[in-house]
Amino acid sequence: MDLNLKDKVIIVTGGARGIGGGISESLAAEGAKLVIPSRPSAATEKAIAKLQESTEVLYIPGDLTSPGICESIINQTIEKFGAIDVLINNAGINDGCNITDSLDKFQQSLKNNLIHVFELVHYALPHLEKSQGNIINIGSKVAETGQGNATGYAAAKGAINALTREWALEFRMKNIRVNSIIPAECMTPLYENWLSTLDDPQAEEDRISQMIPLGERMTTIAELADLTAFIASTRSSHTTGQILYADGGYTHLDRKCTVK
C-alpha cells in the first residue's frame, strides 16, 4: 500500500532513538523528508547518519525545553524544505515527578512533556494550514491507568489527550487532522535502562509481558511506528480526534485473561 508520504516534510521530535527512532525509520522507508529535533549524543548522530542514507534529514540538536528552540525548529524547517506536512510530538520522559516533589520539579515535568507540544503546534499551525497537514501526539497509557509516582508525567500526557480532541475540533475547518497514539509496554532504550536497575531484569520483563493480553508480549517499536506512519498518511484522511492504543490490549482488556 502506497501511503503517499514520498517527499512529505515531517517533524519527529526525539526522532533519533526509541519509539521516535522507529517512527523516523518507517517514514524514511516511505520516502518522507524528516526534521529531527533531538538532544545531541553519539547515538543520535549515528542514527541520523543511518537515516540520511535513505532520505533527506534536517537534524536540529538541542533541548525542547530551551527558550526559543520550538520557534527556531519551525523556522529552520521552512527555510530548508518550504513546508510542513506532519508534526509528530514524540519527545518526552517519564521523569518520576511525584506529588511530594517541589512545585519547581512539577513545572519542569510539564516543560519536559507538555509545554513544547503547545509551542510547536502554535508555531507550526500556519504552515500545517497551508499543507492541510496533520498532527500526531505520542502519549502514554499512564494518562488513563495511572502508574504511581508519576504525577507530572500523568498530568502532561492527560493534557495531551485532551488537546488532541480540542485541536481536532478547533482545526477541523482548516482540514488539519489531530490524533494521538498511545504505547503501553514497549522495549525502548529507556525501558531497558530501567530494567537494568532491578535485581532480576529478565524476571521483571517476563512478568510484565505475561500481563499483556495479545500474545503475552510487549509491543514492538516497529508496530507503533507503522501505525504512526499510516495515521500520518492520506490513507487515514478521515481519521481525526482519535486516541489509538497500540498496546496488545494492555490498557483496556481484563488482564485476568493472562492468569494461568
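Look above for the structure.
Heads up: these notes are all about the structure in this document. (Residues numbered from 1 in each chain as written. Predicted model: local features only at pLDDT ≥ 70, side-chain atom pairs only at ≥ 80, totals over all residues. Heavy atoms only, no water.)

**Focus on the pattern of salt bridges**
Working step 1: Applying the stated criterion across every chain yields a total of eight salt bridges.
Working step 2: Here K105 ties to D101 by a salt bridge, and the two come within 3.7 Å at their closest N and O atoms.
Working step 3: For D101, a relative accessible area of 27% gives the class partly exposed.
Working step 4: Notably, a salt bridge pairs R207 with E204, separated by 2.8 Å at the nearest N-O pair. Of the two residues, R207 and E204 are both situated in helix α8 (residues 201-209); the distance of three residues between them amounts to about one turn of the helix.
Working step 5: Residue E204 is classed as buried on the basis of its relative accessible area of 17%. (Salt bridge = Lys/Arg side-chain N within 4 Å of Asp/Glu carboxyl O. Buried < 20%, exposed > 50% of the residue type's maximum accessible area, 1.4 Å probe, protein only. Helix = DSSP H or I, 4+ residues; strand = E, 2+ residues; numbered from the N terminus.)

**Considering the sheet that holds strand β1 (residues 9-12)**
Working step 1: Strands sit in the order β3-β2-β1-β4-β5-β6-β7 across an open sheet of seven strands; the sheet is parallel. The sheet terminates laterally at β3 (57-61) and β7 (243-245), the two strands that pair on one side only. Between one strand axis and the next, the sheet turns through 15° on average, direction left out of account.
Working step 2: Both β1 and strand β2 (residues 33-38) contribute to a ladder of three bridges, which runs parallel. Residue V9 lies in a different strand from β2, and its bridge partner there is K33. (Pairing = 2+ DSSP bridges. Axes fitted to C-alpha atoms, helices over the stretch in contact; angles between N-to-C directions.)

**Considering the packing of helix α1 (residues 18-29) against helix α9 (residues 221-232)**
Working step 1: Look at α1 against α9: their axes get within 8 Å of each other, and the N-to-C directions meet at 55°. In this view, α1 runs oblique relative to α9, as classed from their interaxial angle. The crossing of α1 and α9 is right-handed. Contacts between α1 and α9 involve G18, I19, G22, I23, S26 and L27 from the former and I221, L224, A225, D226, T228 and A229 from the latter.
Working step 2: Among the residues making up the contact of α1 with α9, the classes are represented as seven nonpolar, four polar and one charged. (Parallel < 35°, antiparallel > 145°, perpendicular 65-115°, else oblique. Left-handed = near helix turned anticlockwise from the far one by under 90°. Contact = heavy atoms within 4.5 Å. Nonpolar A, V, L, I, M, F, W, Y, C, P; charged D, E, K, R; others polar.)

**Describing helix α4 (residues 103-131)**
Working step 1: Taking 1.5 Å per residue as the helical rise, α4 with its 29 residues ought to reach 42 Å, and the 40 Å between its terminal C-alpha atoms agrees with that figure.
Working step 2: Most pronounced at L125, the bend in α4 amounts to some 50°, and the proline P126 follows within four residues.
Working step 3: Positive phi appears at Q132, one or two residues downstream of α4, with a value of about 50°. (Expected span 1.5 Å × (residues − 1). Bend = angle between axes of the 7 residues up to and from the residue.)

**A few points about α9**
Working step 1: Along its twelve residues, α9 runs 16 Å from first to last C-alpha, staying within 8% of the 16 Å computed at 1.5 Å per residue.
Working step 2: When α9 is considered as a whole, its buried residues turn out to be L224, A225, T228, A229, I231 and A232. All buried residues of α9 project into a common sector of 165° when viewed along the axis, lining one side.
Working step 3: Contact partners of the buried residues in α9: α1, β4 (86-89), β5 (134-138), β6 (177-182) and β7. (Arc of directions from axis to C-beta.)

**A few points about unusual backbone geometry**
Working step 1: We note that N4 has phi near 60°; this positive angle belongs to a residue other than glycine.
Working step 2: Here N4 shows up in the segment before β1.
Working step 3: Using a relative accessible area of 36% as the deciding quantity, one classes N4 as partly exposed.
Working step 4: Notably, N175 is not glycine yet its phi reads approximately 60°, a positive angle.
Working step 5: Relative to the elements of secondary structure, N175 occurs in the loop between α6 (151-170) and β6.
Working step 6: N175 sits in the partly exposed class, given a relative accessible area of 43%.

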